[in-house]
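# Per-entry structural report
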Amino acid sequence: MAPIDELRLALEQYSDRSPQDERLCKLILEICSESPDSSQRRELMNRLLRQLQLLPNLSKTSHPYYYEAVNKTWEWLDKNLHKFYPRRSPIQASLTTWINAHLGYRIRDLHTTKNQKELSLDLDVLERSGFYNDYLDGLEVEIERIERQEKQALAWKIVQYIRRDPEYELRKCHPRNRPDCNCQILVQRLFLQQSPEKMAVIARQLNIKTQTIYSFWKRTGLSKIQGIGRHIAQKNSDFMSG
């Protein structure tokens, strides 16, 4: 029996499929019916990934390697979707459990292989990535008055604030109707990963025009990050002088 036929049987074994599960099964089968390198498959896979990123039960964590692990999980899913066999109904819940299990493995694997090395908290890495010099314009004036150790502590605070986003100001900042392309996700993928990504790559994975992301970043995202950096720098300066 061909793999696609096995997959079809696995997806159709539950007679209580909801309309939502029906649509999901149809999309999965369409994806797996296409050749791996076809443009149609990429388009369908991007549609599935957009839907998955909005699932309420998809694991979310503040772990420093979360977004890198998510990217690796999507790559794994793209190559292994044909191996998905739902363990229970609803099928969407079974798929979410399957993805979450691999995502958890990826986070643990990254944590181990990098020996808990927090590259993004090292100021030298921030400078080499261009995040510090190019995208926190004006913040350097504040930081230059501080010793190297204090400068590293400030960089730590900025990165941790971005990752936690306690006021949700970064996650709420996104192109219209595209919360999956918010400012927090962009800054993490562009600057705070071991292997920073290009906007064109992010745009292709999210199935959004590169110019849309670029314009949003230049018009809104960049000023948002600059404002956060200046605010934290000013608070740090007030604390030191007080």
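The preceding data block contains the structure.
Now for a description of the structure that goes with this document.

### Concerning the overall build of the chain
A tally of helices and strands in the chain yields 12 helices and 0 strands. The order of helices and strands in the chain, counted from the N terminus, is α-α-α-α-α-α-α-α-α-α-α-α. Within the chain, buried positions represent 44% of all 242 residues. In the chain, 66% of the contacts between residues at least 6 apart in sequence involve partners at least 24 apart. Total accessible area computed for the chain in this model is approximately 13,500 Å², and 48% of it derives from carbon and sulfur atoms.

### A look at the nonpolar core
Judged by nonpolar contacts, the single largest core of 34 residues is most densely connected at Leu11, Ile28, Leu48, Leu52, Trp74, Leu77 and Leu81. When contributions to this core are tallied by element, the ones reaching two or more residues are α1 (3-11), α2 (19-33), α3 (39-53), α4 (66-80) and α5 (91-113). Core analysis: the second largest hydrophobic core is formed by 27 residues, Cys183, Leu190, Leu222 and Ile232 among them.

### Re the packing of aromatic side chains
One pass over the full model with this rule turns up 4 aromatic pairs. Considering the side-chain rings of Tyr66 and Tyr67, the 5.1 Å spacing of their centres and the 80° angle between planes classify their relative orientation as edge-to-face. Accessibility assignment for this pair places Tyr66 and Tyr67 in one class, buried. In textbook terms, an aromatic cluster arises when at least three aromatic residues are bridged by ring pairs, as seen for Trp76, Phe84 and Trp98.

### With respect to the side chain of Arg189
Structurally, Arg189 is set in helix α10 (residues 183-191). Within the local environment of Arg189, its side chain forms a polar contact with the side chain of Gln205, the two groups lying 2.2 Å apart. Beyond its immediate chain neighbours, meaning those up to four positions away, Arg189 contacts Asn71, Pro196, Glu197, Ile202, Gln205 and Leu206.

Thresholds applied
Residues numbered from 1 in each chain as written. Predicted model: local features only at pLDDT ≥ 70, side-chain atom pairs only at ≥ 80, totals over all residues. Heavy atoms only, no water. Helix = DSSP H or I, 4+ residues; strand = E, 2+ residues; numbered from the N terminus. Buried < 20%, exposed > 50% of the residue type's maximum accessible area, 1.4 Å probe, protein only. Contact = heavy atoms within 4.5 Å. Areas by Shrake-Rupley, 256 points an atom, 1.4 Å probe, with all protein chains shown as cover. Core = buried A, V, L, I, M, F, W, Y, C linked by side-chain atoms within 4.5 Å. Phe/Tyr/Trp six-rings, centres within 6.5 Å; stacked < 30°, edge-to-face > 60°. Polar contact = N/O pair within 3.5 Å; in protein donor to acceptor, adjacent residues only side chain to side chain.

In short, shape yes, function no, at least from these values alone.
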